[in-house]
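Here is how the chains run, residue by residue.
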Amino acid sequence: MTKGGAPYGLIENGALALQNGRIAWVGPADALPSAWQELPQEALGGRLVTPGLIDCHTHLVYGGDRAREFEMRLEGASYEEVAKAGGGILSTMEATRVASEEELVAAALPRLDALIAEGVTTVEIKSGYGLNIADEMKMLAAARRLGKARAVHVETTYLGAHALPPEYKGQADAYIDEVVLPGLEQAAEAGLVDAVDGFCEKIAFSTAQIERVFRKARELNLPLKLHAEQLSNQGGTALAASYGALSADHLEYLDDAGVKAMAEAGSVAVLLPGAFYTLRETQLPPMDLLRQAGVPLALATDCNPGSSPLFSPLLVMNMACTLFRMTPEEALAGLTREAARALGLSDDMGTLELGRRADIAIWEVEEPASLAYRIGFNPLYKRISGEQA
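As the structure is a computational prediction, the values presented were derived from the model and not from experiment. (Residues numbered from 1 in each chain as written. Predicted model: local features only at pLDDT ≥ 70, side-chain atom pairs only at ≥ 80, totals over all residues. Heavy atoms only, no water.)

**Examining the packing of aromatic side chains**
Part 1: For the structure shown, the criterion picks out five aromatic pairs.
Part 2: Aromatic side chains Tyr168 and Tyr175 sit 5.5 Å apart centroid to centroid with 65° between the ring planes, which places their arrangement in the edge-to-face category.
Part 3: What makes Tyr175 buried here is its relative accessible area of 0%.
Part 4: A centroid spacing of 6.0 Å and a plane angle of 15° characterise the contact between Tyr175 and Phe205, whose relative ring orientation is stacked. Residue Tyr175 is found in helix H7 (residues 172-189), and its partner Phe205 is found in the loop between strand S7 (195-200) and helix H8 (207-219); the two are separated by 30 residues along the sequence.
Part 5: Linked through ring pairs, Tyr168, Tyr175 and Phe205 together constitute an aromatic cluster.
Part 6: Stacked on the ring of Tyr381, the Lys or Arg Arg47 has its end atom at 3.7 Å from the ring centre. (Phe/Tyr/Trp six-rings, centres within 6.5 Å; stacked < 30°, edge-to-face > 60°. Buried < 20%, exposed > 50% of the residue type's maximum accessible area, 1.4 Å probe, protein only. Helix = DSSP H or I, 4+ residues; strand = E, 2+ residues; numbered from the N terminus. Lys NZ or Arg CZ within 6 Å of the ring centre and 35° of its normal.)

Written out as structure tokens, the structure is:
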């Protein structure tokens, strides 16, 4: 998959040359320069070659499990009843706080391996379940270690403004002052953060509170992202766009003004069908408005213990097509080219082009649409990571 005029940017009977973890040549096989023809080659037998998949929005590091909460909801328990029984994000917070960094890494590795097994070569991992400085730092350190434990590129995102811990009940501004902002400074000083995120929603933080986080991130020269317009329209997307955010994510309740702001800022819309499905949402993101405005559409698993316990990027592609009416070509671009853009990495990955990282997925399929078409089937033949190529 390259950028180009053909559907999917597909090159029939193509060839790639790799050198020092980079793409050294790409094009039709019959045009392969003689210098490359003399080197060892691997015939792929007509298999499909795409960029490695990029999961640009995950909460991969956390403690505990919320399967019982899922069961309670199916049995008819309300949100309040689940919370009183010890469920919800505070349950994950408690389990994350008591887990050691080593335990968080050990718990996250099988989740990461599930993504890798379906062709993921880059993954973004957020903090946001520690909700105090020490445990947010612990989560980010664990995420960094995952990138060393596996041949995968990891981007870390500081999400201190995710939820309000019980010790700050009714004191959101104090939490921003005493935890989120100093925690961000410490994480940046320690080299543990690549971007900054927040959750702008009635049940989380207001635009005024998020803007304070954004101002600090700008002081630290860190790029921005935002969970926005997932459950209601709070104007978070327009705020994020005004700060030149890389992306706004979820977007089910996004309005025309928010779409226009994203288009003008060049922000990416990261769509998360796993959360839409799990929460049995009925409000679709404004797909037609986003397309008409030319807003790039990325996809991600949003894998987390509560609203999207999903660890299959291939299923995400199918869900995006089935639930959001994306085309298979849009879905594949959403987990490659546009996902790279959502992480600010589009100069180095997401397409198969000269000089890019050799992050590659090879599939036992003949048609690219097969990746989004099948449900519960993994046709990955081989994965190559620039970390080891």
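**Here's the deal with helix H4 (residues 89-98)**
Part 1: Those residues of H4 lying buried are Ser91, Thr92, Met93 and Thr96.
Part 2: In this structure, the buried residues of H4 make contact with helix H5 (101-116) and helix H6 (133-149). (Contact = heavy atoms within 4.5 Å.)

**Some points on the side chain of Arg66**
Part 1: Inspection of the secondary structure puts Arg66 in the loop between strand S4 (53-55) and helix H2 (67-74).
Part 2: By relative accessible area, which is 12% here, Arg66 ends up buried.
Part 3: Here Glu69 takes part through its side chain, which lies 2.9 Å from a polar atom of the side chain of Arg66.
Part 4: Those residues in contact with Arg66 that lie beyond four places of it in its chain are Gly88, Ile89, Ser91, Thr92, Pro305 and Gly306. (Polar contact = N/O pair within 3.5 Å; in protein donor to acceptor, adjacent residues only side chain to side chain.)

**A short note on the confidence of the model for the protein**
Part 1: Mean pLDDT for the protein: 95, with 96% of residues reaching 70 or above.
Part 2: Across the protein, element-level confidence peaks in strand S11 (residues 297-299) with a mean pLDDT of 99 and bottoms out in helix H3 (residues 79-84) with 65. (pLDDT = per-residue confidence, 0-100.)

**Looking at the state of the cysteines**
Part 1: Counted according to the given criterion, the structure contains zero disulfides.
Part 2: With no disulfide of its own, Cys56 has Cys303 as its nearest cysteine by sulfur position, at a separation of 11 Å.
Part 3: With a relative accessible area of 0%, Cys56 lands in the buried category.
Part 4: Look at Cys303 and you get buried, because its relative accessible area is 0%. (Disulfide = S-S within 2.5 Å.)

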